[in-house]
Amino acid sequence: MYASRDRLILLDADGTIIDAFSAIETAFSLHGMQIGDLERFQKRRNLFKYLGGLKEFPRNLAKSLGNSNRKELIATLTDIYREQAMLYPSIAPLLQQLLATPGIKVGLVTRNVTHEPAITLARLFARHDLDIQQLDFFSCIALKTPKNVYFSTALNQLGINPARAFACGDEHKDYLAMQAAGVNPFMVSYGFEDLQRLTLKYAVPEVIISRTPEELGARIRHAFDLPSG
């Protein structure tokens, strides 16, 4: 029925393996804007995530109006990702272990908003001694595009049984995409949405949510029968 007996893990980038909040916060600061703290950022609806809360909203709105301002902000964010942004602690050894293990395919599906995100993420990965070319599947998608289409594409291209496939994410729409594609879910609550928002508002099961990158690594290693890092 399936061409391969390999297992697959499809990773999300921003907020799951990459500390995107720190990069975004730095970019905003360089443009005279403030995004607020991580706790409040995680609780905001998508429309207001980057405009801040009541304290930050008026200044950010004024600064962000106009295509030129948005383009400059994205250019700054791109530079920060390429030169400064980091994977969360403990993630690089996990990825190195996954990539080096026979029988495990590793993919990345991301909505990264920098310019030429494939180049951006390749440079970020390289700072952690990781070669993005080693990934078995890689796709940068538009912000409003559901990921399940790309999850299914990865399964089909690699001939993987969905029952032997996993995906990671930090937002409820990632979880919905995992369900739609029929893959096993890993979720985290340290990225763009917090534990309360994921569980109470969107009914994501708490038992699949990791509170820290270290906990995510432990869950993945257990699921893939890998030795602890």
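About the thresholds
- Residues numbered from 1 in each chain as written.
- Predicted model: local features only at pLDDT ≥ 70, side-chain atom pairs only at ≥ 80, totals over all residues.
- Heavy atoms only, no water.
- Helix = DSSP H or I, 4+ residues; strand = E, 2+ residues; numbered from the N terminus.
- Buried < 20%, exposed > 50% of the residue type's maximum accessible area, 1.4 Å probe, protein only.
- Axes fitted to C-alpha atoms, helices over the stretch in contact; angles between N-to-C directions.
- Parallel < 35°, antiparallel > 145°, perpendicular 65-115°, else oblique.
- Left-handed = near helix turned anticlockwise from the far one by under 90°.
- Contact = heavy atoms within 4.5 Å.
- Phe/Tyr/Trp six-rings, centres within 6.5 Å; stacked < 30°, edge-to-face > 60°.
- Salt bridge = Lys/Arg side-chain N within 4 Å of Asp/Glu carboxyl O.
- pLDDT = per-residue confidence, 0-100.

Mind showing me how you'd approach the environment of Phe224 here?
Tracing the sequence through the fold places Phe224 in the segment after helix 10 (213-223). You can call Phe224 buried: its relative accessible area is 1%. When the C-alpha atoms of Phe224 and Ile9 are compared, they prove to be 9.4 Å apart, with 215 residues separating the residues in sequence.

Sorry if this is basic, but what is going on with the packing of helix 5 (residues 91-100) against helix 10 here?
When two helices pack together, their arrangement is given by the angle between their axes and by how far apart the axes lie. Closest axis-to-axis distance for the helix 5/helix 10 pair is 10 Å, and the angle between their directions is 20°. It follows from the interaxial angle that helix 5 and helix 10 lie roughly parallel. Crossing handedness for the pair helix 5 and helix 10: left-handed. For the pair formed by helix 5 and helix 10, the contact residues are Ile91, Pro93, Leu94, Gln97 and Leu98 on the first element and Pro213, Leu216, Gly217, Ile220 and Arg221 on the second.

Can you walk me through the packing of aromatic side chains in this structure?
How two aromatic rings sit relative to each other is set out by the distance from centre to centre and by the angle between their planes. Applying the stated criterion to the full structure yields 3 aromatic pairs. Between the aromatic rings of Tyr88 and Tyr190, the centroid separation amounts to 4.9 Å while the plane-to-plane angle is 80°, which identifies the pairing as edge-to-face. Taken together, the residues Tyr88 in the loop between helix 4 (67-83) and helix 5 and Tyr190 in the loop between strand 5 (184-188) and helix 9 (195-201) connect sequence positions 102 residues apart. We note that Tyr88, like Tyr190, is buried. Pairing Phe166 with Phe186 gives two aromatic rings, centres 5.2 Å apart and planes at 20°, and the pair type is stacked. Pair noted here: Phe166 is in strand 4 (residues 165-169) and Phe186 is in strand 5, with a separation of 20 residues, a long-range link. Phe186 sits in the buried class, given a relative accessible area of 7%.

Quick question: what am I supposed to make of the pattern of salt bridges here?
In a structure, side chains of opposite charge can pair up when their charged atoms sit close to one another. With the rule as written, the count across this model stands at 10 salt bridges. A salt bridge links Asp12 to Lys147; its shortest N-O distance comes to 2.7 Å. Of this pair, Asp12 sits in the loop between strand 1 (7-11) and helix 1 (20-30) while Lys147 sits in the loop between strand 3 (137-140) and helix 7 (148-158), and the two are 135 residues apart along the sequence. Of the residues examined, Asp12 reaches a relative accessible area of 4% and is grouped as buried. According to the relative accessible area criterion, Lys147 is buried, its value standing at 2%. A salt bridge links Lys147 to Asp174; the nearest nitrogen and oxygen atoms lie 3.3 Å apart.

Looking at this structure, I do not really get unusual backbone geometry. What am I missing?
A negative phi holds for most residues other than glycine; trans holds for most peptide bonds. Phi is positive for Glu116, close to 40°, though the residue is something other than glycine. Here Glu116 shows up in the loop between strand 2 (104-110) and helix 6 (117-126). Note on Glu116: relative accessible area 54%, which makes it exposed. The backbone phi angle of Asp129 is positive, close to 60°, even though this residue is not glycine. Looking at where Asp129 falls in the secondary structure, it is placed in the loop between helix 6 and strand 3. Taking relative accessible area as the criterion, Asp129 reaches 68% and is therefore assigned exposed.

Explain the confidence of the model for the protein chain here, please?
Regions with low pLDDT carry predicted coordinates that are not meant to be interpreted in detail. For the protein chain, mean pLDDT is 89; residues scoring 70 or higher make up 89% of the total. Confidence drops under a pLDDT of 50 for residues 47-62, and excluding neighbours within four residues, the segment shows 33 contacts in the predicted structure.

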